[in-house]
Structure formats: structure tokens, C-alpha cells
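# Observations on the model geometry
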Amino acid sequence: MIRPLLQTMRLLGLSLLAGAAWVAHRPADLPKIAAPNAAKVDDLLDIMRQTTIKRAAVMEISEAEINRHLATTLAGKIPGMLGGWIVFDGARLDLEPGSARLFLIWKIKGYTRTASVDLGISRDGKNFRVELLRGAYGHLQMPRGMMRPLYPSLEVLAEALDPEIRALFLMNKITIAKDKLVLDPRFPSA
């Protein structure tokens, strides 16, 4: 009586693991990168720096502009691993009210694999805090603690985008809205 029940539980456990592996290896649906507009090929980093210096008005950056900037900036900055078997293929951002979903894309032996993390930005006095809220491997949703293996990749990405991150955190207020980032460099009113 116990033996068939134990074998059924093992089969169920293996089925769950196989299903989770299948869901985790399916790449996530990625936000599209808009084609570059010939009239608007401005350098996003330079625009952010100028806005910070002038401190005159609120600046809105669309999700498409950010993704286009990520595609052009990260190309070739992050080297491949394991003799070219694993190649970092870029990052994309999906902005929703209050959080940003960052997709990391790799090509592993020619197959696309993705991982995503949801990031929240809050202000603690004069400093901004970026908090990892949750994430996913492919389509498999995971809690924050299970995203720990991605930390080295996130650190490499942060190093590659260091000038942009520094310019972003010079703003006085950062608001994540639907499909756009709203940056307010103006001095806070007393």
C-alpha cells in the first residue's frame, strides 16, 4: 500500500520538476525595440546630463527610447562566456506604474533564454534605493530570494551602464509610469 503511493508521489514530483524546467526555458515575451527615427537620434545620456544641469523642466523618456539606448549601448560591452557558447544578447525594459521589469537576454548555443527582474525605485533621504521585487526565469515566476543567481549578471550590467545610472540618480524625483520614465531635476519646493 505504501510503495505504490510513494512511487506515485515520486512520479508527480518528477512531473512537476519537468514542467517547471520546460516553463523556465521558454523565453519571455520581450518588449519591442522601436526603429530609430532619423530626426531623433539624440544621445540619451547627454540629454539627461543637460536636463540635470539646467534643472528647468520635467523630462519624460519613453520605454522605446530606453530600449533603443540599451540595444546600442550594450552591444559588445559585455563579453561572452564559455568560449562563445553563452553570449549576452542585450537587455530590455518594460515600464509599468511603480515598477520596471528588466529582461536579460542570452543566446545559449544559438537558443534565446531570458530572465527578468522587477525593480522598484524609492527615495531614502538624499539617496535612491533600487529594490529587486521579484523575477522570472523564462515564464517561470519566482520570489525575490530565488533570483540571487542573477546578481552577478546585474552587477556587470550596472557597470556597463554606470554613466547612465549616475545621471539618472542626479534627478530629484524619478517616477515610473506606464511605458515612460518621468524625471524631475528641479529643486524641491520648500
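Fair warning: this is a prediction, and the values are worked out from it, not measured in the lab.

Time to look at the sheet that holds strand β5 (residues 127-137). If you walk across this open sheet you meet the five strands as β2-β3-β4-β5-β6, and the pairing is antiparallel. Both outer strands of the open sheet, β2 (86-96) and β6 (140-143), are each paired with one neighbouring strand and no more. The sheet shows a mean angle of 30 degrees between the axes of neighbouring strands, direction not considered. Here helix α4 (residues 151-160) sits on the sheet and contacts β2, β3 (99-108), β4 (111-124) and β5; the angle it forms with β3, its principal contact strand, is near 100 degrees.

Right, let's talk about the nonpolar core for a bit. Ranked by internal contacts, the top residues of the largest apolar core, which has 36 residues, are Met 48, Leu 102, Leu 104 and Leu 183. When residues of this core are assigned to their parent elements, the largest contribution, five residues, is made by β2. Once residues within four sequence positions are removed from consideration, Leu 102 is found in contact with Ala 91, Arg 92, Leu 93, Ala 115, Ser 116, Val 117, Leu 119, Leu 154 and Leu 157.

Atom-level detail of predicted coordinates should not be read off regions where pLDDT is low. For the chain, mean pLDDT is 80; residues scoring 70 or higher make up 87% of the total. The spread of mean pLDDT over the elements of the chain runs between helix α1 (residues 2-25), the lowest at 78, and β3, the highest at 87.

On to the packing of aromatic side chains, then. Evaluated as defined, the whole model comprises two aromatic pairs. With centroids separated by 6.1 Å and ring planes inclined at 75 degrees, the aromatic side chains of Phe 88 and Trp 106 adopt a geometry described as edge-to-face. Of this pair, Phe 88 sits in strand β2 while Trp 106 sits in strand β3, and the two are 18 residues apart along the sequence. Each member of the pair Phe 88 and Trp 106 is classed as buried. Seen in terms of ring centroids, Phe 128 and Phe 169 are 5.4 Å apart; in terms of plane orientation they differ by 20 degrees. Their pairing is stacked. Of this pair, Phe 128 sits in strand β5 while Phe 169 is found in the loop between α5 (162-168) and β7 (173-177), placing the two residues 41 residues apart along the sequence. Taking relative accessible area as the criterion, Phe 169 reaches 30% and is therefore assigned partly exposed.

The rules behind each value
Residues numbered from 1 in each chain as written. Predicted model: local features only at pLDDT ≥ 70, side-chain atom pairs only at ≥ 80, totals over all residues. Heavy atoms only, no water. Pairing = 2+ DSSP bridges. Helix = DSSP H or I, 4+ residues; strand = E, 2+ residues; numbered from the N terminus. Axes fitted to C-alpha atoms, helices over the stretch in contact; angles between N-to-C directions. Contact = heavy atoms within 4.5 Å. Core = buried A, V, L, I, M, F, W, Y, C linked by side-chain atoms within 4.5 Å. Buried < 20%, exposed > 50% of the residue type's maximum accessible area, 1.4 Å probe, protein only. pLDDT = per-residue confidence, 0-100. Phe/Tyr/Trp six-rings, centres within 6.5 Å; stacked < 30°, edge-to-face > 60°.

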